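Structure at a glance
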Amino acid sequence: MRLILLGPPGAGKGTQAQRIVEKYGIPQLSTGDMLRAAVAAQTDVGRRAKEVMDAGKLVSDDIVIAIVSERIDQPDCASGFILDGFPRTLVQADATEKMLRDKGLALSAVIELKVDDKELVRRVSGRYSCAQCGTVYHDTDKTPSKEGVCDKCGSTHFKRRPDDNAETMTQRLEVYYKETSPLIGYYYAKGRLETVDGMAEMDTVTADIEKILSAL
Ligand code: AP5
Ligand code: ZN
């Protein structure tokens, strides 16, 4: 199964991708996570990406396409993968088509999560994650069952992203509507687009995605 999760910042792509990973055992390929790992490791790519990411703009197509292309060649992607946050521009979408065609692979579905801007800002400003395993939480909506302890790995260290603030979020949304939302029409025209109401509760969103996946 090869999926694309499409949606604005804070729509729940990462949250839902984690659930698909658990159920289907295919890896989540988040370009945001990969770029943040490069920033933390202070690689060349990371040094170039940091400023762009902190400003809420997009890292260059060449860089992200190269990262994804290399990643999907890894053995754990042989039975499928979930693309989370990629493609994000029409250039990246065309590159994805070519990448898959060259490898003789087909896309199973593109799932768009639809959420209002006001809700996106609320979600992103309350978001934090486990510093050890990356599990995502929210100040009010999704707290660990034992306060200050990660449900998944037991770590007591949490972090917030530097781009999760109202000002940068305005920029990220602008970039989304300008650069990424044209992909909705792109995949609709190809007959691949499935739209899910991302405003619903997390479990309802998961169930709606599950309905789509079980029909594939
Ligand atoms: P990236 O890391 O991809 O961030 P994003 O697209 O902005 O998306 P987010 O991770 O913010 O949101 P999400 O949809 O995963 O939501 P989540 O599940 O966490 O990209 C970061 C940056 O990297 C970009 O700005 C860019 O600079 C660069 N980059 C990355 N990919 C690139 C590319 N392809 N090309 C160029 N540059 C690239 O949920 C959010 C919060 O809401 C959480 O707290 C969660 O608990 C909560 N929540 C989730 N679902 C629900 C629900 N149903 N109800 C209530 N709360 C919910
Ligand atoms: Zn953890």
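Keep in mind the model is a prediction, meaning the values are calculated, not measured.

Take the site of ligand 1 next. Looking at ligand 1, there are 36 residues lining it, with Pro9, Gly12, Gly14, Gly32 and Gly85 nearest. Counting residues per element, the ones that place at least two in the shell around ligand 1 are helix H1 (13-24), helix H2 (31-40), helix H3 (44-54), helix H6 (117-125), strand E6 (136-138) and helix H9 (202-214). Counted by class, the shell around ligand 1 contains 13 nonpolar, 13 polar and ten charged residues.

Right, let's get into the UniProt feature "binding site: ATP" (unreviewed entry) in the protein chain. UniProt's feature table lists "binding site: ATP" (unreviewed entry) at Gly10, Ala11, Gly12, Lys13, Gly14, Thr15, Arg127, Val136, Tyr137 and Ala200, given in the numbering used throughout. Position of Gly12 among the secondary structure elements: in the loop between strand E1 (2-6) and H1. Discounting chain neighbours no more than four positions away, the residues touching Gly12 are Leu113, Gly198, Met202 and Val205. The contact partners of Val136, leaving out residues within four places of it in the chain, are Gly14, Thr15, Arg127 and Ser129.

Another aspect to go through is H1. With twelve residues, H1 extends 16 Å from end C-alpha to end C-alpha; this agrees with the ideal 16 Å at 1.5 Å per step. Lys13, Gly14, Thr15, Gln16, Ala17 and Ile20 are the residues of H1 that are buried. Looking at the buried residues of H1, the elements they touch are E1, strand E2 (28-30), strand E3 (81-84), strand E4 (109-114), E6 and H9. Remark: Gly25 follows H1 within two positions and exhibits a positive phi of approximately 70°.

Calculation notes
- Residues numbered from 1 in each chain as written.
- Chains lettered and ligands numbered in written order.
- Predicted model: local features only at pLDDT ≥ 70, side-chain atom pairs only at ≥ 80, totals over all residues.
- Near = placed C-beta within 6 Å.
- Helix = DSSP H or I, 4+ residues; strand = E, 2+ residues; numbered from the N terminus.
- Nonpolar A, V, L, I, M, F, W, Y, C, P; charged D, E, K, R; others polar.
- UniProt positions renumbered as here; feature names shortened; annotations may be inferred.
- Contact = placed C-beta atoms within 7 Å.
- Expected span 1.5 Å × (residues − 1).
- Buried ≥ 20, exposed ≤ 12 C-beta atoms within 10 Å, placed from the backbone.

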